[in-house]
Amino acid sequence: MADVKKIATRESYGNALKELGAAHEDVIVFDADLSNATKTGTFKKAYPDRHFNCGIAEGNMMAVAAGAASMGLVPFASSFAMFAAGRAFEQVRNSIGYPHLNVKIGATHGGISVGEDGASHQCCEDFALMRSIPGMVVMSPADDVEAKAMVMAAYEHEGPVYMRFGRAAVPVIHDEGNYSFQIGKGEVLREGSDVAVIANGLLVAEALEAADTLAEQGISVRVINMATIKPLDEELVLKAARECGRIVTAEEHSIIGGLGEAVCAAVAESGIPCKVKRVGVNDEFGHSGPAAALLKQFGLSTEHIIEVIKAF
Amino acid sequence: MTETEKKKLQIAACRVRMGVIEGVHAAKAGHPGGSLSAADLFTYLYFKELNIDPARPKDPDRDRFVLSKGHTAPGLYAALALRGFFPVEDLKTLRQIGSYLQGHPNMNTVPGVDMSTGSLGQGVSAACGMALAAKHMGKTCRVYTLLGDGEIEEGEVWEAMMFAHHHKLDNLCVIVDNNGLQIDGRVADVMSPYPIPEKLRAFGFEVAEIDGHDFDQMEAAFAKAKETKGVPFAIVMKTTKGKGVSYMENQVGWHGKAPNDAEYEQAMGELRAQLAGLEAE
């Protein structure tokens, strides 16, 4: 995929915010001293009077955003996933989730691919934390096209939304011209019948590559992009369970509490005989290193997905 | 303020206190101490200060009040009910299954409640967000928030204070109920927040120090708050925890405990006597 266009979804987030800001006066953005990294700076440049810095105080930022939402504005609050979902969890839970306020959380730098900053900044727990809040929509896009569409959909959705974007550039796999995004709907990118890979984020591109490789070996792999982790598209998951009988989940997140567990729960409760294996971070902290090397080391790769599928 | 007006407020405050006791007694749980210390403030806000209309609790241009010290919901509920937001009878359903009067304020169930609170430190941040949004939207409404003196031990409170000054929220009025007690004892012994006015001034606030049971002083402080431009305003009010019920006054044990039937009778007897005294004068 050497000649494929690559863009980090945090870049997409900043660009989408700018576009959204042009169309909607009620969009405001909060950041916590990271606007260059979260790319809300792109919005700030275009609409300086609608971008508010909260300083390094993420907990306050989330409750401030809640107050602004109660007045009828549509705030997007941004920081790194570690601080948006981790540090500010309780503010998100009590001031945004409990009153079901219309705050959109744009969390960047999710997962291991944060790279050199190391474990303190590599948040692999955000899906688990955010999924546990009633009424919270939790999403993670696979590429630039999906990320931008997701931001637009989040604005149209009434209620709290958590979106996780990545630091590292990822291949653009969607064709912008004929693409539409719907919250809560998964997307079959490749049909297949031997095994289904249900992935999100940067693992979607890896899953597609794995499917290509395995196709040459006579293994038919269905690839599902599950950008919305909550509410989960159970219908699509169970269809895969019925038709393939084997599912591999793949996410840049702990195997605890994320997409993998959500899929496991749906399949287990359905009674459909289907084995599920989870590709993710195996209950351990990350460490410093280049993103690409870390992804390989932690098994968040095409090679590992192939290994797991072959070991069924 | 005229003597007649003051008398009306004192009578209303006495009824708010009775509402607190009714609610907490019926619930067999809740927080009477801090509800009573702030009862005069709740009364002043809802019967004099706030631009609100019980018939239109969601009016987009209304003033906002955020009870950052959300555990004193019984006091807020009593003031809201007496002001006409919902039936006073309903105060007895406090904390019961099926009641809209949750243990801590819920903006989606209680008419007149502007923000769901209860987890200390978050209400003041939400109030900052409201004040910022009001300014951004060109609204002239004002935002008020009440914090406990124990609550200001939360770090988030000072993040919010910094934010309020940085963003020049002169439509925000922060009130601190300095009743001197928190669950584990005197605030001075548990984790001293003192000196409070100096801390607020250091964070860029204009500060008024008042007796939180004196309506004349409240009137002067809120007038000064409205005149203050360019910086946020804070009122630090000295109060008595449990004010109005003799055996609860300044007793740390009455932070979060309901009176039993005999204690309820005594409290209501004392408050009825105070009310009769006020009405007889």
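Cut-offs applied
- Here the residue numbers are simple positions, counted from 1 along each chain's written sequence.
- The order in which chains are written sets their letters, starting at A; the order in which ligands are written sets their numbers, starting at 1.
- Local features in this predicted model are restricted to residues whose pLDDT is 70 or higher, and side-chain atom pairs enter the listing and the counts only when it is 80 or higher, whereas totals over whole chains, interfaces and linings include all residues.
- The side-chain quantities take in all heavy atoms of the structure and omit both hydrogens and water.
- Strand pairing is assigned whenever DSSP identifies at least 2 bridges connecting the two strands.
- Helix and strand labels come from DSSP, where a helix needs a run of H or I of at least four residues and a strand needs a run of E of at least two; each type is numbered from the N terminus.
- Whenever a helix is involved, its axis is fitted only over the stretch in contact; in every case the axis is a line through C-alpha atoms, and angles between N-to-C directions fall within 0 to 180 degrees.
- Should any heavy atoms of two residues lie within 4.5 Å, those residues are considered in contact.
- Exposure categories follow from relative accessible area, calculated using a 1.4 Å probe and restricted to protein chains: below 20% of the type maximum is buried, above 50% is exposed, and the middle band is partly exposed.
- Two N or O atoms form a polar contact when they lie within 3.5 Å of each other; inside protein one atom must be a possible hydrogen donor and the other a possible acceptor, and for residues adjacent in sequence the pair counts only when both atoms belong to side chains.
- In what follows, roughly perpendicular refers to angles from 65 to 115 degrees, roughly parallel to angles under 35, roughly antiparallel to angles over 145, and oblique to any angle outside these ranges.
- Crossings are classed by handedness, with left-handed meaning an anticlockwise turn of the near helix from the far one by less than a right angle and right-handed meaning a clockwise turn.
- Residue type decides the class: Asp, Glu, Lys and Arg count as charged, Ala, Val, Leu, Ile, Met, Phe, Trp, Tyr, Cys and Pro as nonpolar, and the leftover types, Gly among them, as polar.
- For a helix, the expected span equals 1.5 Å multiplied by the residue count minus one.
- Note that the arc is computed from the directions linking the helix axis to the C-beta atoms.
- Two parts lose some accessible area (1.4 Å probe) when they are put together, and adding that loss for both gives the buried area.
- Salt bridge, as applied in this entry: a Lys or Arg side-chain nitrogen positioned within 4 Å of an Asp or Glu carboxyl oxygen.

Asker: Can you help me understand the sheet that holds strand S7 (residues 233-238) of chain B in this one?
Answerer: In any sheet, the strands associate via hydrogen bonds between backbone groups, in a parallel or an antiparallel arrangement. Residue and element names in this part refer to chain B. As summarised here, the arrangement of the 5 strands in space is S1-S2-S3-S7-S6, forming an open sheet in which the pairing is parallel. On the outer flanks of this sheet lie strand S1 (64-67) and strand S6 (206-211), each paired with one strand and no other. Along the sheet, successive strands turn relative to each other by an average axial angle of 20 degrees, direction set aside. Docked against the sheet, helix H5 (residues 122-136) engages S1, strand S2 (143-148) and strand S3 (172-178), running at close to 170 degrees with respect to S2.

Asker: Quick question: what am I supposed to make of the environment of lysine 230 of chain A here?
Answerer: All names here are of chain A. Structurally, the position occupied by lysine 230 is in strand S12 (residues 228-230). The partly exposed category is assigned to lysine 230, whose relative accessible area is 22%. Leave out the neighbours within four places in its chain, and lysine 230 touches Arg131, Ile133, Pro134, Gly135, Met136, Val137 and Val138. A polar contact of 2.9 Å, which involves the side chain of lysine 230, links it to the backbone oxygen of arginine 131. Of the polar contacts made by the side chain of lysine 230, one reaches the backbone oxygen of isoleucine 133; its length is 2.9 Å.

Asker: Even after reading the chapter, I still don't get the packing of helix H4 (residues 58-70) of chain A against helix H6 (residues 155-166) of chain B, so can you show me in this structure?
Answerer: Helices that pack against each other are described as a pair by the angle of their axes relative to one another and the distance between those axes. At a minimum axis distance of 9 Å, the contact between H4 of chain A and H6 of chain B shows a crossing angle of 65 degrees. Classed by the angle they form, the pair H4 of chain A and H6 of chain B counts as roughly perpendicular. Between H4 of chain A and H6 of chain B the crossing geometry is right-handed. Together, Gly59, Asn60, Ala63 and Val64 of chain A of H4 of chain A and Glu156, Glu159, Ala160 and Phe163 of chain B of H6 of chain B make up the contact between the two elements. In terms of residue class, the contact of H4 of chain A with H6 of chain B is made up of 4 nonpolar, 2 polar and 2 charged.

Asker: Looking at this structure, I do not really get helix H9 (residues 215-227) of chain B. What am I missing?
Answerer: An α-helical turn contains 3.6 residues, so a residue and the one three or four places further along point in the same direction. Residues and elements named next belong to chain B. For H9, spanning 13 residues, the distance from its first C-alpha to its last is 18 Å, which sits close to the expected 18 Å at 1.5 Å a residue. If you check which residues of H9 are buried, you get Phe215, Met218, Ala221, Phe222 and Ala225. Summarising the axial view, the buried residues of H9 lie within an arc of 120 degrees, below the 170-degree limit, and thus occupy one face. Between a side-chain oxygen at the N-terminus of H9 and the backbone nitrogen of aspartate 216 the separation is 2.9 Å; the capping residue is aspartate 214.

Asker: Got a minute to help me understand the interface of chain B and chain A in this structure?
Answerer: In many reports, interface size means the accessible area that the parts give up when they come together. The interface is formed by 26 residues belonging to chain B together with 26 residues belonging to chain A. Of the roughly 2,000 Å² buried where chain B meets chain A, counting both sides, 62% is carbon and sulfur surface. Summed over the three residues of chain B that lose the most area to chain A, namely Gln122, His136 and Glu159 of chain B, the buried surface amounts to 26% of that side. Taken together, chain B and chain A are joined by 9 residue pairs in polar contact (both at pLDDT 80 or more). Those elements that place two or more of their residues in the side of chain B that touches chain A are H5 and H6 of chain B.

Asker: It is not clear to me how the pattern of salt bridges should be interpreted in this structure. Could you clarify?
Answerer: Applying the stated criterion to the full structure yields 27 salt bridges over all chains. Residue lysine 6 of chain B pairs with glutamate 3 of chain B through a salt bridge whose shortest N-O separation is 3.4 Å. A residue pair is termed a helical-turn pair when its members lie 3 or 4 positions apart in one helix, as lysine 6 of chain B and glutamate 3 of chain B do in helix H1 (residues 3-27) at 3 residues. One salt bridge connects arginine 17 of chain B with aspartate 40 of chain B, and the closest N-O pair in it is separated by 2.8 Å. Taken as a pair, arginine 17 of chain B in helix H1 and aspartate 40 of chain B in helix H3 (residues 39-49) lie far apart in primary sequence, 23 residues in all. Given a relative accessible area of 6%, arginine 17 of chain B falls into the buried group. Linked by salt bridges that have partners in common, Glu191, Arg222, Lys239 and Glu243 of chain A make up one network.

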